[in-house]
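# Examining the three-dimensional arrangement
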Amino acid sequence: MKKTVLITGGAGFLGSHLCELFLAKGHRVICVDNLLTGKTANIRHLAKNKDLEFVKQDVSKALGVPGPVNYVLHFASPASPPDYMKYPIATLDVGSRGTRNALDLAESKRAVFLMASTSEVYGDPLVNPQPESYWGNVNSIGPRSCYDEAKRFSEALTMAYHRYRKVDTKIVRIFNTYGERMRKNDGRAIPNFACQALANKPITVYGDGSQTRSFCYVSDLVDGIYRLSASAEHEPVNIGNPNEITLLTLAKIIIKLTGSKSKVIYKPLPVDDPKVRRPDITKAKKILKWSPKVRLEEGLARTINYFKASARGLGT
Ligand code: UDP
């Protein structure tokens, strides 16, 4: 029997990869998206598949579909810092009303609920790497708070539905992820650096470039999420790649991989930009038997090829 998986934010970067994965596993997928930062082009290659249904709906306002639903994956939200700072109210709405609507749907359908949380719940962390047990260091009123606090609220609401309403819930804390179908202008480091390098334009490193991130290739990430959806774990699980590098090193790797003539230029560091970030993935390794497989250079080469093809009008 085919299972039905409803994915909010299914036309976004991660959502579209999840649509693809769950279809490939033989499930029916309902992709719900209001196309604020997602786009139908992200799922166009799946359009011929009869098991995919697209519903244009703002999940902050309402979320209802007829028939059985076995899984609700709540991935709707702007996720890049420039996006959520451009749409702060919509970000808070989808991480509060949207999460509530998605949880109510899961409860009424007796479906498994999986919430896309984030390493941003750790804020500018005072411990590195970050285990799930770390409570974080978050500025509740800064420019990133619309995203960080919406996700922290979503986690709290998800745990309340689990504890008091017995919904079968999961929470994945997603660390920086990259790959095909990121928007070239979404403002995050990898699309910016890759597109700047391909155009031989200056690479914009914010601050002195000594801040760190740990970048996970998208196929590894969705594999971890798939495993979590099938697990019996209800508390948050970090999914990300623990290979921590500075942003300046990332810029240099991308210049090398593209053979670019670009030079690094320095721009001001955004307010509250975390200085370090690295997932402790001990828990995911143990309970999901998961660890990332794709090396940074390999994933970056694929992503750069995608941006190259997009620039020639061949990408989605
Ligand atoms: N960053 C940068 N140049 C850019 C875009 C981002 O140096 O053109 C830095 C940003 O300040 C942060 C890191 O790259 O320290 C990762 O930023 P991103 O927006 O990709 O995601 P974040 O981890 O902040 O959510």
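What comes next is a walk through the structure. Source: prediction; values computed, not measured. (Residues numbered from 1 in each chain as written. Predicted model: local features only at pLDDT ≥ 70, side-chain atom pairs only at ≥ 80, totals over all residues. Heavy atoms only, no water.)

### Thoughts on the site of the ligand
The test is simple: The rule for a residue being near a molecule or strand is that one of its heavy atoms must lie within 4 Å of it. Each polar contact in these results corresponds to two N or O atoms within 3.5 Å; when the atoms are within protein, one needs to be able to donate a hydrogen and the other to accept it, and residues that are neighboring in sequence are counted only if both atoms are side-chain atoms. Secondary structure elements follow DSSP: runs of H or I no shorter than four residues count as helices, runs of E no shorter than two count as strands, and numbering proceeds from the N terminus. The nonpolar class holds Ala, Val, Leu, Ile, Met, Phe, Trp, Tyr, Cys and Pro. Asp, Glu, Lys and Arg form the charged class, and all remaining residues, Gly among them, are polar.
In the region of the ligand, 18 residues are neighbours, and T204, Y206, R213, D273 and R277 sit closest. Take N176: an N or O atom from its side chain is 2.8 Å from an oxygen atom of the ligand. Side-chain polar atom of D273 to an oxygen atom of the ligand: 2.6 Å apart, as the coordinates give it. At the level of elements, α6 (189-198) and β8 (203-206) are the ones that each hand at least two residues to the shell around the ligand. Residues that form the shell around the ligand fall into these classes: 7 nonpolar, 5 polar and 6 charged.

### Thoughts on the nonpolar core
The nonpolar side chains of a soluble globular protein tend to be buried with one another. Rule in force here: In plain words, nonpolar cores are sets of buried Ala, Val, Leu, Ile, Met, Phe, Trp, Tyr and Cys residues tied together by side-chain atoms within 4.5 Å. Any residue under 20% of the maximum accessible area for its type is buried, any over 50% is exposed, and the rest in between are partly exposed; the area is computed with a 1.4 Å probe on protein chains only. By definition in these notes, contact holds between two residues if any of their heavy atoms fall within 4.5 Å.
One finds L73, F75 and L250 to be the most contacted residues of the largest nonpolar core, which totals 59 residues. Discounting chain neighbours no more than four positions away, the residues touching L250 are A189, I190, F193, F215, I245 and L300.

### Brief notes about the state of the cysteines
As a reminder of what qualifies: When the sulfur atoms of two cysteines come within 2.5 Å, that pair is taken as a disulfide.
With the rule as written, the count across this model stands at 0 disulfides. Cysteine C19 remains unbridged, with the sulfur of C31 as its closest cysteine sulfur at 4.2 Å. The cysteine C216 is free of any disulfide, with C19 supplying the nearest cysteine sulfur at 19 Å.

### Observations concerning helix α1 (residues 13-24)
Along an α-helix, a turn takes 3.6 residues, which lines up residues three or four apart on a common side. In plain terms, the rule: By this rule, a helix spans an expected 1.5 Å times one less than how many residues it contains.
For α1, spanning 12 residues, the distance from its first C-alpha to its last is 17 Å, which sits close to the expected 16 Å at 1.5 Å a residue. Burial of α1 is extensive: 10 of the 12 residues sit out of reach of the surface. By the burial criterion, the buried members of α1 are F13, L14, G15, S16, H17, L18, C19, L21, F22 and L23. Just past α1, the residue G26 takes up positive phi, approximately 90°.

### Re the packing of aromatic side chains
Going by this rule: Side-chain rings of Phe, Tyr and Trp (the six-membered ring for Trp) are treated as a pair once their centres are within 6.5 Å; stacked means planes under 30 degrees apart, edge-to-face means over 60, and tilted covers the remaining angles. Here, a charge over a ring is recorded when the distance from Lys NZ or Arg CZ to the ring centre is within 6 Å and its angle to the ring normal is within 35 degrees.
Counted under the stated rule, the structure contains 6 aromatic pairs. The lysine or arginine in question, K25, covers the ring of Y226, its NZ or CZ lying 4.6 Å from the ring centre. The side chain of R165 reaches across the aromatic face of Y161, ending 4.8 Å from its centre.

### Comments concerning the sheet that holds strand β3 (residues 52-56)
Applicable threshold: Two strands are counted as paired when DSSP detects at least two bridges linking them. Lines fitted to C-alpha atoms define the axes, with helix axes restricted to the stretch in contact, and inter-axis angles between N-to-C directions lie between 0 and 180 degrees.
One open sheet accounts for 7 strands, arranged β3-β2-β1-β4-β5-β6-β11; its pairing is parallel. The open sheet has two edge strands, β3 and β11 (237-239), and neither has a second partner. The average angle at which neighbouring strand axes cross in this sheet is 20°, direction not considered. Relative to strand β4 (residues 71-74), strand β1 (residues 4-8) is paired through 4 bridges, and the arrangement is parallel. Bridge pairing in β4 places L6 opposite V72. On top of the sheet, helix α4 (residues 97-109) reaches β1, β4, β5 (112-118) and β6 (169-174); it is set at about 170° to β4, its chief contact.

### Thoughts on the packing of α6 against helix α10 (residues 296-311)
Rules: Angle categories are assigned with fixed cut-offs, so that under 35 degrees is roughly parallel, over 145 is roughly antiparallel, 65 to 115 is roughly perpendicular, and the rest are oblique. If you view the pair so one helix is near and one far, a crossing is left-handed when the near helix is turned anticlockwise from the far one by less than a right angle, and right-handed when it is turned clockwise.
For the pair α6 and α10, the least separation of the axes is 10 Å and the interaxial angle reads 60°. Between α6 and α10, the interaxial angle falls into the category oblique. The handedness of the crossing between α6 and α10 is right-handed. For the pair α6 and α10, the contacting residues are I190, P191, A194, C195 and L198 in the first and L300, T303, I304, F307 and K308 in the second. Residue composition of the contact of α6 with α10, by class: 8 nonpolar, 1 polar and 1 charged.

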